[in-house]
Amino acid sequence: MNNKRIIDSLSRICSDKGYRLVCGARHEALAEKTARRSAWLTVPKLSSVEGRSHGRARYSIELRLTDRTPTHTRNDMAAMSDRLESDMLDIFAELSRSTFVALVDKLAVAPAFGTLRPDIGTSAVAEAVVETIF
C-alpha cells in the first residue's frame, strides 16, 4: 500500500536534514556505522486498514537518529540530544505534509543515552503511527 512511500519520503526528508537513512530490522541498527549523521528506520509495520480499493492504512514506525560527533561533557550531550529531538520533530512535521499522509499520531521521542558502544554517539528514538491514504 504505502509502505514504500513512507520509506521514500523519510529518506528524502532525512537526506535534506543531513542524515543518511537506512531501513531494516531493529537488531541491524547498531551495526550501521557508515555516516556521522545517520537515521535508522525499522520496516514500517502495517497495523490496520480501512477500506478495500481506497481508504486508510496505519503504519507503526520507529525512527532512530544518531550523531557520532564526540560529546565531552554532559552539557554537550544535552545540547546534542536537544538538536536530535528538534530534527526528529521537523522530520515528522514534514512527513505529515506529504500528500498521501492523513496524519502522524502518537509521536513519542526519547533520547537514547548510555549506549553500549561509545562510537555510536548520541541518539534519539521516535515511535509514531502514520495514517496514510490510498
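Heads up: the structure comes first, above all this text.
Quick look at the structure, then.

1. Quick word on a nonpolar patch on the surface
Right, on to step 1. Side chains of Met1, Leu46 and Val49 sit close together on the surface and give an oily, nonpolar patch of about 280 Å² of accessible area.
Right, on to step 2. Locating valine 49 in the fold gives a position in strand β3 (residues 45-51).
Right, on to step 3. On the basis of relative accessibility, which here comes to 37%, the residue valine 49 falls in the partly exposed class.

2. A few points about the nonpolar core
One recurring pattern in soluble globular proteins: nonpolar side chains tend to sit buried together.
Right, on to step 1. Within the largest apolar cluster, 25 residues are counted, with the highest numbers of intra-cluster contacts made by Ile61, Leu63, Leu65 and Phe92.
Right, on to step 2. Among the secondary structure elements, those contributing two or more residues to this core are α1 (3-16), β2 (37-42), β4 (55-67), α2 (74-96) and β6 (122-133).
Right, on to step 3. A per-element tally of this core places α2 first, with six residues.
Right, on to step 4. Beyond its immediate chain neighbours, meaning those up to four positions away, isoleucine 61 contacts Leu10, Leu41, Pro44, Phe92, Ala126, Glu127, Ala128 and Val130.

3. A closer look at the packing of aromatic side chains
Right, on to step 1. The full count for this structure, using the stated rule, is zero aromatic pairs.
Right, on to step 2. Against the face of tyrosine 19 rests arginine 37, its NZ or CZ located 4.1 Å from the ring centre.

4. A word on the environment of leucine 95
Right, on to step 1. By the element assignment, leucine 95 lies in helix α2.
Right, on to step 2. Classification of leucine 95 by relative accessible area gives buried; the value is 0%.
Right, on to step 3. Leucine 95 sits 83 residues away from arginine 12 along the chain, and the two C-alpha atoms are 9.9 Å apart.
Right, on to step 4. The contact partners of leucine 95, leaving out residues within four places of it in the chain, are Ser9, Leu10, Ile13, Val101, Val104 and Val130.

5. Focus: the environment of tryptophan 40
Right, on to step 1. Here tryptophan 40 is to be found in strand β2.
Right, on to step 2. Of the residues examined, tryptophan 40 reaches a relative accessible area of 8% and is grouped as buried.
Right, on to step 3. When the C-alpha atoms of tryptophan 40 and glutamate 62 are compared, they prove to be 8.2 Å apart, with 22 residues separating the residues in sequence.

6. Side note on the pattern of salt bridges
Right, on to step 1. For the structure on display, the rule yields 13 salt bridges.
Right, on to step 2. Two residues, aspartate 67 and arginine 36, come together in a salt bridge whose shortest N-O distance is 3.0 Å. Residue aspartate 67 is located in strand β4, and its partner arginine 36 is located in the loop between β1 (20-24) and β2; the two are separated by 31 residues in the primary sequence.
Right, on to step 3. Linking arginine 97 and glutamate 94 is a salt bridge whose minimum nitrogen-to-oxygen distance equals 3.1 Å.
Right, on to step 4. Shared partners join several salt bridges into a network, and the residues in it are Lys17, Arg36, Arg37, Asp67, Arg83, Asp87 and Asp90.

7. Some remarks on unusual backbone geometry
Right, on to step 1. Phi angles above zero are rare outside glycine, and lysine 106 is one such case at about 55°.
Right, on to step 2. Examined against the element boundaries, lysine 106 turns out to sit in strand β5 (residues 101-112).

Thresholds, definitions, all that
Residues numbered from 1 in each chain as written. Predicted model: local features only at pLDDT ≥ 70, side-chain atom pairs only at ≥ 80, totals over all residues. Heavy atoms only, no water. Patch = residues over 30% accessible without salt bridge, like charges linked within 9 Å, V, L, I, M, F, W, Y side chains within 5 Å. Areas by Shrake-Rupley, 256 points an atom, 1.4 Å probe, with all protein chains shown as cover. Salt bridge = Lys/Arg side-chain N within 4 Å of Asp/Glu carboxyl O. Helix = DSSP H or I, 4+ residues; strand = E, 2+ residues; numbered from the N terminus. Buried < 20%, exposed > 50% of the residue type's maximum accessible area, 1.4 Å probe, protein only. Core = buried A, V, L, I, M, F, W, Y, C linked by side-chain atoms within 4.5 Å. Contact = heavy atoms within 4.5 Å. Phe/Tyr/Trp six-rings, centres within 6.5 Å; stacked < 30°, edge-to-face > 60°. Lys NZ or Arg CZ within 6 Å of the ring centre and 35° of its normal.

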